[in-house]
Amino acid sequence: MKSTGKSTVLPVLSADLPAALVVFLVALPLCLGIALGSQAPLFAGLIGGIVGGIVIGTLSGSQLSVSGPAAGLTAIVAAAIGKMPVYEAFLLSVVIGGVIQLLLGMLKAGVLGDYIPSSVIKGMLAAIGLILILKQLPHLVGYDADFEGDESFSHDGNNTFSDLIQSVGYILPWAALIGIVSLLVQILWEKFLGNRGGLFRILPAPLVVVLIGTWLHLWGTRQFPELALQSQHLVEIPVATSMSGFFSFFIFPDVQFLTNVDVWITGVTLAIVASLESLLCIEASDELDPYKRVTPTNRELKAQGVGNIVSGMLGGLPLTSVIVRTSANINAGARTKWAAIFHGVFLLLSVALIPELLNMIPKASLAAILIYTGYKLAKPSIFRSLYQNGWDQFVPFLVTVLAILLTDLLVGILIGCCIGLFFVMRSNFRSAVFVVNDENRYLFRLRKDVSFLNKPIIKRKLEEVPDDSFIYIDASRADFIDRDVVEVIEDFMLHAPLRNIRVELKRSNFKDQGFSAAIPVPDDH
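So, how was this worked out
- All residue numbers here refer to positions counted from 1 along the written sequence of the relevant chain.
- In keeping with the model being predicted, local features are shown solely for residues with a pLDDT of at least 70 and side-chain atom pairs are shown and tallied solely at 80 or more, while totals for entire chains, interfaces and linings include all residues.
- Side-chain measures were taken over the full set of non-hydrogen atoms in the model, leaving aside hydrogen atoms and water.
- Put simply, DSSP H or I for four residues or longer makes a helix, DSSP E for two residues or longer makes a strand, and each gets a number counted from the N terminus.
- Note on classification: 1.4 Å probe, protein chains only; a residue is buried when its accessible area is under 20% of the maximum for its type, exposed when over 50%, partly exposed between these limits.
- Whether two residues are in contact is decided by their heavy atoms, any of which lying within 4.5 Å being enough.
- In this tally, Asp and Glu contribute negative charge and Lys and Arg positive charge; neither His nor the terminal groups of the chain are included.
- A charged residue contributes its charge at one atom only: NZ of Lys, CZ of Arg, CG of Asp or CD of Glu.
- Here the rule is simple: two strands pair whenever DSSP picks up at least two bridges between them.
- Angles run from 0 to 180 degrees between N-to-C directions of axes, and those axes are lines fitted to C-alpha atoms, restricted for helices to the stretch in contact.
- Here the nonpolar core consists of buried residues drawn from Ala, Val, Leu, Ile, Met, Phe, Trp, Tyr and Cys, with membership extended through side-chain atoms lying within 4.5 Å.
- Each patch groups residues whose relative accessible area exceeds 30% and which form no salt bridge, using 9 Å between like charges and 5 Å between nonpolar side chains of Val, Leu, Ile, Met, Phe, Trp and Tyr.
- Methods summary: accessible areas were calculated by the Shrake-Rupley approach with a probe of 1.4 Å, and residue burial reflects only the protein chains presented.
- A pair is scored as a salt bridge if a Lys or Arg side-chain nitrogen falls within 4 Å of a carboxyl oxygen belonging to Asp or Glu.
- Angles below 35 degrees are treated as roughly parallel, those above 145 as roughly antiparallel, those between 65 and 115 as roughly perpendicular, and all remaining angles as oblique.
- The arc under discussion is defined with respect to the helix axis, by the directions toward the C-beta atoms.
- The length a helix should cover is 1.5 Å for every residue beyond the first.
- Note: crossing handedness is left-handed where the near helix turns anticlockwise from the far helix by less than a right angle, and right-handed where it turns clockwise.
- Under the convention adopted here, Pro, Cys and the residues Ala, Val, Leu, Ile, Met, Phe, Trp and Tyr are nonpolar, Asp, Glu, Lys and Arg are charged, and Gly plus all remaining residues are polar.
- pLDDT is defined as a per-residue confidence score from the predictor, taking values between 0 and 100.
- Sulfur atoms of two cysteines make up a disulfide when they are within 2.5 Å.
- Pairing of aromatic rings covers Phe, Tyr and the six-membered ring of Trp, with a centre-to-centre limit of 6.5 Å; geometry is then stacked below 30 degrees between planes, edge-to-face above 60, and tilted otherwise.

## Looking at the overall build of the chain
And then number 1: Helices and strands together make up the secondary structure of the chain, namely 21 helices and 10 strands.
And then number 2: When the backbone C-alpha atoms are referred to their principal axes, the chain occupies close to 100 × 65 × 55 Å.
And then number 3: Here the chain holds 525 residues, and the buried ones make up 52% of them.
And then number 4: Considering only contacts in the chain between residues 6 or more positions apart, those separated by 24 or more positions represent 80%.
And then number 5: Placing the 38 positive and 42 negative side-chain charges of the chain at their respective mean positions leaves the two points 9 Å apart.

The following block contains the structure:
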């Protein structure tokens, strides 16, 4: 049956447009904050957000992932900009990184993302949620010492918890009022009013939060000027007085620095780190997708590569798929990639046409939106569900959460993967060898993959068998038996007659498991 244009347009208008507006409101302060933390021009963050939405959103195979400047690259970018002779040289590194990502996609390196355990991915999502809550609480009450979007545990001699404690002594009454009201509006709107239909259903809660927060700021400025919020507590977008002034914000890479070694080292570093972060976030977005669609990872690397090339050519920051914006997109009800594309269009139009209006938005209102997004990622029910799934799932999940909270995203994921690998090996180790006995009759059954790690337990169990016994070793169900294990069994079969132990070995008829032809094989029982 031929689909109609209406069936395609309606989801975009009813779901993707409101979601795009929500992501736009979330992305705006993050783009600016990450640029500030990276010691780059503020407009570079906005360029990255625009390119991430429009270019990568169009080329990506993901329906829900949103790309833009990433907090995980902030330290790398800040260090690289500090080493470069000029900012234009750094932009050349961004372009080089994009080209390398494009090559990685062509070489099908995207398969690496498939090897991340789901418990680690869920741990990453929960950790990001907790980071959002902890990092945004100071902004909620007007303590804006740290830049928006910072996800690292330590910075400038402080850490996440010390910032939280210090914020208590720097609470701005009007900012705190706006923040708390914004948070309450967000909760009430989504829990009660958003389900009533009509205008309540059409308007996304974050838009209502921003409108109310902005009105409170403007009203408070007139009624209580002594409590008015200063510019550092509001969104700060560079304002151009003319169209030529707007275009002057765009900076272009300088090819004369192609021979600079630091340019190439930075380009390779950005490509590797950005690719890993993108693959992790793609796995996470597929996990959050209510339709459980699968993103082609090699296509994603190519899209990220093209996006970084375009961003670098225009003066923007390096880009990755970003889980905060992606989760906000999914929570807002997005259904297709049009939400990501429209959020990029909204960023472009707003910074070009209405920057003065955007600069009236209090950071406290935006912090409330991010805190609520963080809560959805780190609900207590998620921890309870993983705990009920057993220790093999819960421990890697919890370790990943703690590791990301106390270090950063990539280090935390690496630690989580190591713990997950340990539990996989432990599970295989425990289930690979099965031993049971009835008086002096013993059954040794080898299952799945029997590696060298199983050698000590097999050797010990065989030697514990008393004299004058019978052992039946069933190796027919094993997919793989390590040569070390084969030698242990063969050695035991050679000296077992000295203890009057009779041994029978059943091998698979379909696999060469490495047993010597000299070892007798009885008929199947």
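Still more to cover.
## Concerning the sheet that holds strand β8 (residues 470-474)
And then number 1: Pairing is mixed across the open sheet formed by four strands, whose spatial order is β5-β6-β8-β10. Single-partner strands in this sheet number two, and they are β5 (433-438) and β10 (502-506). Pairwise comparison of adjacent strand axes, ignoring direction, gives a mean angle of 15 degrees for this sheet.
And then number 2: Packed on one face of the sheet, helix α20 (residues 455-464) meets β5, β6 (441-446) and β8 and runs near 170 degrees to β6.
And then number 3: In this fold helix α21 (residues 483-495) packs onto β6, β8 and β10, with an angle of close to 145 degrees to the strand it touches most, β10.

## Some thoughts on the nonpolar core
And then number 1: Counting 61 residues, the largest nonpolar core has L46, M124, I128, I237, V324 and I413 as the members making the most contacts within it.
And then number 2: Ranked by residues supplied to this core, first place goes to helix α5 (residues 118-140) with 10 residues.
And then number 3: Excluding residues within four positions of it along the chain, I237 makes contact with L28, L32, L46, V351, P355, L358 and N359.
And then number 4: Of all hydrophobic cores here, the second largest spans 25 residues; its members include A35, A44, L73 and A274.

## Quick look at a nonpolar patch on the surface
And then number 1: Where nonpolar side chains cluster on the molecular surface, the patch consists of L218, L349, L353, I354, L357 and M360 and spans about 510 Å² of accessible area.
And then number 2: Here L357 lies in helix α15 (residues 355-358).

## Focus on the pairing of β10
And then number 1: Along β10, four of the five residues are buried, which leaves the element largely enclosed by surrounding structure.
And then number 2: Judged from the five bridges that link them, β8 and β10 form a sheet pairing that is parallel. Looking across to β10, one finds that Y472 is bridged to E504.

## Quick word on the packing of helix α17 (residues 380-388) against helix α18 (residues 391-406)
And then number 1: For the pair α17 and α18, the least separation of the axes is 6 Å and the interaxial angle reads 140 degrees. Classified by the angle their axes make, α17 and α18 are oblique. Within the contact between the two elements, α17 uses I382, F383, L386 and Y387 and α18 uses W391, Q393, F394, F397 and L398.

## A look at helix α3 (residues 74-83)
And then number 1: Taken residue by residue, α3 has T74, V77, A78, A80 and I81 as its buried positions. An end-on view of α3 places all buried positions within 165 degrees of arc, on one side of the element. Seen from the open side of α3, the exposed residues pointing more than 90 degrees away from its buried face are A75 and G82.

## Quick look at the pattern of salt bridges
In a structure, side chains of opposite charge can pair up when their charged atoms sit close to one another.
And then number 1: Applying the stated criterion across every chain, the model contains nine salt bridges.
And then number 2: Between K122 and E287 there is a salt bridge whose closest N-O contact spans 3.9 Å. Pair noted here: K122 is in helix α5 and E287 is in helix α11 (residues 261-288), with a separation of 165 residues, a long-range link.
And then number 3: For K122, a relative accessible area of 23% corresponds to the partly exposed category.
And then number 4: Among the charged side chains, a salt-bridge network with shared partners connects E463, D467 and R499.

## Section: helix α14 (residues 338-353)
And then number 1: For α14, with 16 residues, the first-to-last C-alpha span of 22 Å sits near the 22 Å given by 1.5 Å per residue.
And then number 2: Inspection of α14 places A339, A340, I341, H343, G344, L347, S350 and V351 among the buried residues, and these make up the whole buried set.

## Brief notes about the packing of helix α2 (residues 42-59) against helix α12 (residues 297-314)
And then number 1: Running from N to C, α2 and α12 cross one another at 145 degrees; their axes reach a closest spacing of 9 Å. As for how α2 packs across α12, the hand of that crossing is right-handed. Of the residues in α12, those touching α2 at I47, G48, V51, V55, I56, T58 and L59 are R299, E300, A303, Q304, V306, G307, V310, S311 and L314.
And then number 2: Its residues assigned to classes, the contact of α2 with α12 shows nine nonpolar, five polar and two charged.

## Topic: the confidence of the model for the chain
And then number 1: Mean pLDDT over the chain: 87, with 91% of residues reaching 70 or higher.
And then number 2: Low confidence marks residues 520-525, where pLDDT is under 50. Its contacts with residues over four positions away, or in another chain, come to nine contacts.

## Focus on unusual backbone geometry
And then number 1: One non-glycine residue, E439, lies in positive phi territory at about 55 degrees.
And then number 2: Summarising the element assignment, E439 is placed in the loop between β5 and β6.
And then number 3: Under the relative-accessibility criterion, E439 is labelled exposed at 68%.
And then number 4: Residues other than glycine seldom take positive phi values, yet D468 does so here, at roughly 60 degrees.
And then number 5: Considering the arrangement of structural elements, one finds D468 in the loop between α20 and β8.

## As for the state of the cysteines
And then number 1: Tallied over the full model, the rule gives zero disulfides.
And then number 2: With no disulfide of its own, C31 lies closest to C281 among cysteine sulfurs, the gap being 14 Å.
And then number 3: C31 gets classed as buried once you look at its relative accessible area, which sits at 0%.
And then number 4: Free cysteine: C417, not disulfide-bonded; nearest cysteine sulfur from C418 at 7.1 Å.

## Some words on the pairing of β5
And then number 1: Two strands pair when backbone bridges link them, and β5 and β6 are joined in this way by six bridges, in the antiparallel orientation. Along β6, the bridge assignment pairs D438 with R441.
And then number 2: The turn joining β5 and β6, which pair antiparallel and follow one another in sequence, is formed by two residues; a positive phi near 55 degrees is taken by E439.

## Focus on the packing of aromatic side chains
And then number 1: A complete count under the given rule lists 21 aromatic pairs for this structure.
And then number 2: Centre to centre, the rings of F24 and F346 are 6.3 Å apart; their planes meet at 70 degrees, and the pair counts as edge-to-face. Note that F24 is positioned in helix α1 (residues 5-37) and F346 in helix α14, a separation of 322 residues in sequence.
And then number 3: The class for F24 is buried, based on a relative accessible area of 7%.
And then number 4: Here the aromatic rings of W215 and W219 are separated by 5.9 Å at their centres, their planes lie at 15 degrees, and the arrangement is stacked. One end of the pair, W215, and the other, W219, are both in helix α9 (residues 205-223), four residues apart, so they sit about a helical turn from each other.
And then number 5: Given the relative accessible area of 30%, W219 is considered partly exposed.
And then number 6: Three or more aromatic residues joined by ring pairs form one cluster here, namely F43, F246, F247, F249 and F250.

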